[in-house]
Amino acid sequence: MKVVCGIKVGNMKDPDEAKRGRVGIVDFPVKPVGPEEVKIKVAYCSICGSDPHIVGGAFGLEPPFGLGHEMSGVIVELGERAGDTGLKVGDHVGGNFLHYCGSCYYCKTGNPEYCENAGNEPCMAEYVVWHKSQVVKLPKGVSLLQGCMMEPLSIGVRIMDKSNLQTGGRVLVSGGGPIGLITCQLFKKRGAACLTLSEPNQERCAIARSIGVDYTVDPTKEDLFARGMEITEGHGYDVIVEVSGVPGAAQSVLPLAAKCGTVLFSAMFPNSYDLPFNLYEYCYNRQITVSGTYCTHFNFERTALMLPDMDFSAFTKPEQIFDIDDCEQAFAAHLSGKYPKIVIRCNQFDGE
């Protein structure tokens, strides 16, 4: 089967073509279906901001290695014990790309995202075989194209779970990529006040305003600290979520944290980046909570129920969808920054 793979490790934006990371199609065998496994014919797999980082060597993988985890598809085969949860051939599904063993220390202590035996099959492929525990049905009326947003939406749900947001809490989101825009929508539904997006791309700011963001700030042209303090009447933000992955942004949002606020760093920052952090100011004087998110767990059923209420129109326009054979062009479009999301069509389905 066709699988989109990293075929050369390197920065995908490197001006030197000889050093530049590359993706391409590699023919991999389809994994046999075990007794508790489900074979899914993949409809769509969207490109995550982490995918170019993986090609760049973030996880130390040797090429060729498969990519993709933001998937939707249709069940075409079930193992003999895979249907006991109600799954059946023909179901439209998405779900969690990670399979947890359930037996290691981290699984048994409630942190399965760190599973020592986790399985991860590449989803930018014609087919994927998952354990039944990974698979979640799409709600009625949700298209396969919308369904591939289940995994990025699950990140937003995870952020909500860790944000400590109270109704009326002031919120700043730094970074207007897909996760930032999804997170803004969820915060608006949760009753955030003074909802602010820090983002230099004006098209993404326009999208943010259309989904309910109260204020947008271009940090390259405006003083983010001064503007944020003006918006919050000098108090700062009760919740700050940094999802741009830009080191400068990580530093610039911290001074805007309100006393007893929460700051989440939920992007994949460069592996070698160390954040300057004044312990007296932030831990003693302000008592802020600093954390992050790493994958998601125990929320995909809830995430699926949120899909019908989300506006993904900015992520799924026709010009943002590429066939699997055009994966190089798809990644080039993603890296251009012109679009908030790029989606790869792995198989064509009637009506999609």
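Residues numbered from 1 in each chain as written. Predicted model: local features only at pLDDT ≥ 70, side-chain atom pairs only at ≥ 80, totals over all residues. Heavy atoms only, no water.

> Tell me about the overall build of the chain, residues and numbers included.
Along the chain, the regular secondary structure elements total eleven helices and 18 strands. By the compact-globule yardstick of 20 Å for 352 residues, the chain fits well, its C-alpha radius of gyration being 20 Å. Each principal axis of the C-alpha atoms in the chain carries an extent, and together these give about 60 × 50 × 40 Å. Going through the 352 residues of the chain one by one, you find that 52% of them count as buried. Long-range pairs, those at least 24 residues apart, make up 67% of the contacts in the chain with a sequence separation of at least 6. With the model as given, the accessible surface of the chain reaches about 15800 Å², and the carbon-plus-sulfur share is 50%. (Helix = DSSP H or I, 4+ residues; strand = E, 2+ residues; numbered from the N terminus. Rg over C-alpha atoms; globule rule 2.2 N^0.38 Å. Buried < 20%, exposed > 50% of the residue type's maximum accessible area, 1.4 Å probe, protein only. Contact = heavy atoms within 4.5 Å. Areas by Shrake-Rupley, 256 points an atom, 1.4 Å probe, with all protein chains shown as cover.)

> Break down the sheet that holds strand 15 (residues 257-265) for me, with residues and values.
Read across the open sheet, the six strands follow the order 13-12-11-14-15-16; overall the sheet is parallel. Bordering the open sheet on either side are strand 13 (215-217) and strand 16 (289-292), each of which pairs with just one other strand. Between one strand and the next, the sheet's axes are offset by a mean angle of 15 degrees, whatever the strand orientation. In the sheet, strand 11 (residues 170-174) pairs with strand 14 (residues 237-242) via four bridges, with the strands oriented parallel. Counted as the bridge partner of valine 171 is valine 239 from strand 14. Strand contacts of helix 7 (residues 224-231): strand 12 (193-198), strand 13 and strand 14, with the helix running at about 165 degrees to strand 13, the strand carrying the most contacts. (Pairing = 2+ DSSP bridges. Axes fitted to C-alpha atoms, helices over the stretch in contact; angles between N-to-C directions.)

> Kindly report on the pairing of strand 1 (residues 2-8), identifying the contributing residues and their values.
In this structure, strand 1 lies alongside strand 2 (residues 22-27), joined through six bridges in antiparallel fashion. Of the residues in strand 2, the one forming a bridge with lysine 8 is arginine 22. With two bridges connecting them, strand 1 and strand 4 (residues 65-66) associate as antiparallel partners. Directly across from cysteine 5, in strand 4, lies its bridge partner glycine 66.

> Would you mind going over the side chain of serine 50 in detail, with residue names and values included?
You can see serine 50 is positioned in helix 1 (residues 50-55). Take serine 50: its relative accessible area is 14%, and that puts it in the buried class. In contact with serine 50, not counting residues within four places along its chain, are His69 and Met268.

> Can you tell me about the nonpolar core, naming the residues and giving the values?
Across soluble globular proteins, nonpolar side chains have a tendency to be buried as a group. Counting 44 residues, the largest nonpolar core has Tyr44, Leu153, Ile159, Val171, Phe187 and Phe312 as the members making the most contacts within it. Every element with two or more residues in this core is listed here: strand 3 (37-46), helix 3 (144-147), helix 4 (150-162), strand 11, helix 5 (178-189), strand 12, strand 14 and helix 10 (300-306). It is helix 4 that provides the largest number of residues to this core, a total of six residues. Membership of the second largest hydrophobic core comes to 40 residues, among which are Met12, Leu87, Trp130 and Ala333. (Core = buried A, V, L, I, M, F, W, Y, C linked by side-chain atoms within 4.5 Å.)

> I'd like a rundown of the sheet that holds strand 1, residues and numbers included.
Strands belonging to one sheet form pairs held by backbone hydrogen bonds; the direction of such a pair is parallel or antiparallel. Across the sheet, which stays open at both edges, the three strands sit in the order 2-1-4 with antiparallel pairing between neighbours. A strand with exactly one partner marks an edge of an open sheet, and here the two such strands are strand 2 and strand 4. The strands touched by helix 11 (residues 327-336) are strand 1 and strand 2; relative to strand 2, the strand with the most contacts, the crossing angle is about 150 degrees.

> Pulling in residues and values, what's your account of helix 5?
Across its twelve residues, helix 5 extends 17 Å between first and last C-alpha, which sits within 8% of the 16 Å expected from 1.5 Å per residue. Here helix 5 lies mainly inside the structure; nine of its twelve residues are buried. Burial in helix 5 covers these residues: Pro178, Gly180, Leu181, Ile182, Thr183, Cys184, Gln185, Leu186 and Phe187. Turning to helix 5, the residues buried within the fold contact helix 4, strand 11, strand 12, helix 6 (202-210), strand 14 and helix 10. Phi turns positive one or two residues past the end of helix 5, at glycine 191, with a value near 90 degrees. (Expected span 1.5 Å × (residues − 1).)

> Tell me about the packing of helix 4 against helix 5, and name the residues and values.
Running from amino to carboxyl end, helix 4 crosses helix 5 at an angle of 50 degrees, the nearest separation of the two axes being 9 Å. Classified by the angle their axes make, helix 4 and helix 5 are oblique. Between helix 4 and helix 5 the crossing geometry is right-handed. Residue-level inspection shows Pro152, Leu153, Ile155, Gly156, Val157, Ile159 and Met160 of helix 4 in contact with helix 5, the latter providing Ile179, Ile182, Thr183, Leu186 and Phe187. (Parallel < 35°, antiparallel > 145°, perpendicular 65-115°, else oblique. Left-handed = near helix turned anticlockwise from the far one by under 90°.)

Just geometry here; none of it tells us what the structure is for.
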